[in-house]
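Secondary and tertiary structure notes
Here are the chains, one letter per residue:
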Amino acid sequence: LFYDYIKINKDLRDLDFRKNLKEKTEICEKAEKLLNLKSINKIHYQLQELHEHWKNTGPVSRELREDLWERFQNISKKLNKKRNDHFVRIKAEDNNKLFNKNTICKKIDLIASKTISSHKEWEETVFQLDILEKEWKKIGKLNKENNSIAWRNLRTSINNIYSKRNSFYKNIKQKKSEIIKTKTV
């Protein structure tokens, strides 16, 4: 009777191993299919689910354990590398965009440093400023932190030009009012 129980237990264990092997092989196949997905978020979440499913699935026979785990681990590494490469690429693009936006702000500062002495020159300057601002906006959005820095730089550069223009026109208005005052006296 004792040996009958041992044989039944061994048979049940082998049956369980085969069932777990089939399930873990399916998990590996699903993970391999994730390599073809384009959405990084879907890949990440589905891979997390597959890892959780792997943990909840029972063991397989000792001979197959290591090979199966290495297969799943290699697929996971490839998927995580794809995700990391995506974020590295986004960060590099953001840094490039920030550099381009800062370059435009320097151009605006250069325009602001010029001495402008007529209404026509101010009209041309404002026209150039509008072109540069549109070019700045066309570059695109950055991550939250860099975006606020870039906007602050743009606002500062534009405000420098507009405050200079306002003081120019205030001086002209003041000179005109003095001329009118002298002519009326």
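Quick look at the structure, then. This is a predicted model, so every value here is computed, not measured.

Here we come to the overall build of the protein. When its secondary structure is counted, the protein shows five helices and zero strands. The C-alpha atoms of the protein give 34 Å as radius of gyration, which overshoots the globular expectation for 185 residues (16 Å, by more than 25%). Overall, the C-alpha framework of the protein stretches about 130 × 20 × 20 Å when taken along its three principal axes. Going through the 185 residues of the protein one by one, you find that 25% of them count as buried.

As a further point, take the packing of helix H3 (residues 62-113) against helix H4 (residues 119-138). Helices that pack against each other are described as a pair by the angle of their axes relative to one another and the distance between those axes. H4 packs onto H3 with a crossing angle of 170 degrees between their chain directions and a minimal axis gap of 10 Å. Relative to H4, H3 is oriented roughly antiparallel. Mapping the contact onto sequence places Lys-101, Ile-104, Cys-105, Lys-107, Ile-108 and Ile-111 in H3 and Thr-125, Gln-128, Leu-129, Leu-132, Glu-135 and Trp-136 in H4. A breakdown of the residues in the contact of H3 with H4 according to their chemical character gives seven nonpolar, two polar and three charged.

With that settled, consider the pattern of salt bridges. What the rule picks out here adds up to five salt bridges. Between Arg-71 and Glu-32 there is a salt bridge, with the nearest N and O atoms lying 3.2 Å from each other. In this pair, Arg-71 is assigned in helix H3 and Glu-32 in helix H1 (residues 2-34), connecting sequence segments 39 residues apart. Here Arg-71 falls in the partly exposed class, since its relative accessible area comes to 29%. Relative accessible area serves as the criterion here: at 31%, Glu-32 is assigned to the partly exposed category. Close ionic contact of Arg-155 with Glu-133 constitutes a salt bridge, the shortest N to O distance being 3.5 Å. One end of the pair, Arg-155, is in helix H5 (residues 144-184); the other, Glu-133, is in helix H4, and 22 residues separate them in sequence. Judged by relative accessible area, which is 35%, Arg-155 ranks as partly exposed. Linked by salt bridges that have partners in common, Glu-133, Lys-137 and Arg-155 make up one network.

The end-to-end C-alpha separation of H5 is 58 Å, in line with the 60 Å expected for 41 residues at 1.5 Å each. Listed in full, the buried residues belonging to H5 are Asn-146, Asn-147, Ala-150, Leu-154, Ser-157, Ile-158, Ile-161 and Phe-168.

In this structure, Ile-108, Trp-136, Leu-154 and Ile-161 are the most contacted members of the largest nonpolar core, which totals 17 residues. Per element, the largest residue contribution to this core is six residues, and it comes from H3. Dropping the residues within four chain positions of it, Ile-108 is found in contact with Leu-129, Leu-132, Leu-154, Ser-157, Ile-158 and Ile-161. Core analysis: the second largest hydrophobic core is formed by 13 residues, Cys-28, Leu-34, Leu-47 and Ile-75 among them.

This next bit is on the packing of aromatic side chains. The full count for this structure, using the stated rule, is six aromatic pairs. With a centroid separation of 4.6 Å and an interplanar angle of 0 degrees, the aromatic rings of Trp-54 and Phe-72 are classed as stacked. Within this pair, whereas Trp-54 is found in helix H2 (residues 40-56), its partner Phe-72 is found in helix H3, the two being separated by 18 residues in sequence. Note on Trp-54: relative accessible area 9%, which makes it buried.

The subject of this paragraph is the environment of His-119. Among the secondary structure elements, His-119 is positioned in helix H4. Classification of His-119 by relative accessible area gives partly exposed; the value is 45%. In this structure His-119 touches Phe-168 and Tyr-169, once residues within four positions along its chain are discounted.

Conventions used here
- Residues numbered from 1 in each chain as written.
- Predicted model: local features only at pLDDT ≥ 70, side-chain atom pairs only at ≥ 80, totals over all residues.
- Heavy atoms only, no water.
- Helix = DSSP H or I, 4+ residues; strand = E, 2+ residues; numbered from the N terminus.
- Rg over C-alpha atoms; globule rule 2.2 N^0.38 Å.
- Buried < 20%, exposed > 50% of the residue type's maximum accessible area, 1.4 Å probe, protein only.
- Axes fitted to C-alpha atoms, helices over the stretch in contact; angles between N-to-C directions.
- Parallel < 35°, antiparallel > 145°, perpendicular 65-115°, else oblique.
- Contact = heavy atoms within 4.5 Å.
- Nonpolar A, V, L, I, M, F, W, Y, C, P; charged D, E, K, R; others polar.
- Salt bridge = Lys/Arg side-chain N within 4 Å of Asp/Glu carboxyl O.
- Expected span 1.5 Å × (residues − 1).
- Core = buried A, V, L, I, M, F, W, Y, C linked by side-chain atoms within 4.5 Å.
- Phe/Tyr/Trp six-rings, centres within 6.5 Å; stacked < 30°, edge-to-face > 60°.

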